[in-house]
Amino acid sequence: MMFLARMDVEFPPHLTPEQIADFQAREKEYSGSLQRSGEMAGIWRIVGEYANHSLFDVESNDELHAILSGFPMYPYLKIRITPLARHPNSIR
Ligand SMILES: O=C(O)CC1=CCC(=O)O1
């Protein structure tokens, strides 16, 4: 099952730059492992925003939820999910 996620990052003002850098480092590690295992098929920065579009290839809604809630920055992410189905005109 393919899902498109839009994630907007909203850090609260009380976090220090060091705390933010730590979240970003842990996020990069977790995201990298999901990309290497294939559950995260890609991630793109949305130009001009602290936000991304990511593509997930997972077995179920429950698996997607577990993956998303495992992101270290999850408490600071506003996530919108679009389930994707194969388009009849797709040649792949
Ligand atoms: O877009 C970001 O920087 C936040 C993020 C969520 C998943 C990821 O890899 O980065």
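Refer to the structure presented above.
What counts as what
Residues numbered from 1 in each chain as written. Predicted model: local features only at pLDDT ≥ 70, side-chain atom pairs only at ≥ 80, totals over all residues. Heavy atoms only, no water. Helix = DSSP H or I, 4+ residues; strand = E, 2+ residues; numbered from the N terminus. Buried < 20%, exposed > 50% of the residue type's maximum accessible area, 1.4 Å probe, protein only. Contact = heavy atoms within 4.5 Å. Areas by Shrake-Rupley, 256 points an atom, 1.4 Å probe, with all protein chains shown as cover. Near = heavy atom within 4 Å. Polar contact = N/O pair within 3.5 Å; in protein donor to acceptor, adjacent residues only side chain to side chain. Nonpolar A, V, L, I, M, F, W, Y, C, P; charged D, E, K, R; others polar. Expected span 1.5 Å × (residues − 1). Core = buried A, V, L, I, M, F, W, Y, C linked by side-chain atoms within 4.5 Å. Phe/Tyr/Trp six-rings, centres within 6.5 Å; stacked < 30°, edge-to-face > 60°.

Remarks on the overall build of the chain
Across its full length, the chain holds two helices and four strands. Put simply, the chain runs from its N terminus to its C terminus through helices and strands in the order β-α-β-β-α-β. A buried classification covers 33% of the 92 residues belonging to the chain. For the chain, the share of sequence-separated contacts (at least 6 apart) that also reach a separation of at least 24 residues comes to 67%. Approximately 6,200 Å² of the chain is accessible, and the part contributed by carbon and sulfur atoms is 55%.

Here's the deal with the site of the ligand
Around the ligand sit Met7, Val9, Glu27, Ser31, Ile43, Arg45, Tyr50, Asn52, Phe71 and Met73, and that is every residue in its neighbourhood. Ser31 places a side-chain nitrogen or oxygen 2.8 Å from an oxygen atom of the ligand. Here an oxygen atom of the ligand sits 2.8 Å away from a polar atom, N or O, in the side chain of Asn52. In isolation the ligand has 290 Å² of accessible area, and contact with the protein removes 90% of it. Looking at the shell around the ligand, the elements with two or more residues in it are strand S1 (2–9), helix H1 (17–37) and strand S2 (40–45). Broken down by class, the residue content of the shell around the ligand amounts to six nonpolar, two polar and two charged.

Brief notes about H1
With 21 residues, H1 should cover 30 Å at 1.5 Å per step; its first-to-last C-alpha distance of 30 Å lies within 8% of that length. Here the buried face of H1 lies against S2, helix H2 (61–69) and strand S4 (77–84).

Let's talk about the nonpolar core
Among the nonpolar cores identified, the biggest contains 19 residues, and Met7, Phe11, Phe56, Leu68, Phe71 and Leu77 are the most heavily contacted of them. The set of elements that each furnish at least two residues to this core consists of S1, H1, H2 and S4. Apart from the residues lying within four places of it in its own chain, the contact partners of Leu68 are Met7, Phe56, Tyr74, Ile79 and Ile81.

Regarding the packing of aromatic side chains
To describe a pair of aromatic rings, you give the distance between the ring centres and the angle between the ring planes. Across all of its chains, the model carries five aromatic pairs by this definition. Aromatic rings pair up to connect Phe11, Phe23, Tyr50 and Tyr76 into one cluster.

As far as function goes, none of this settles anything; it's purely spatial.
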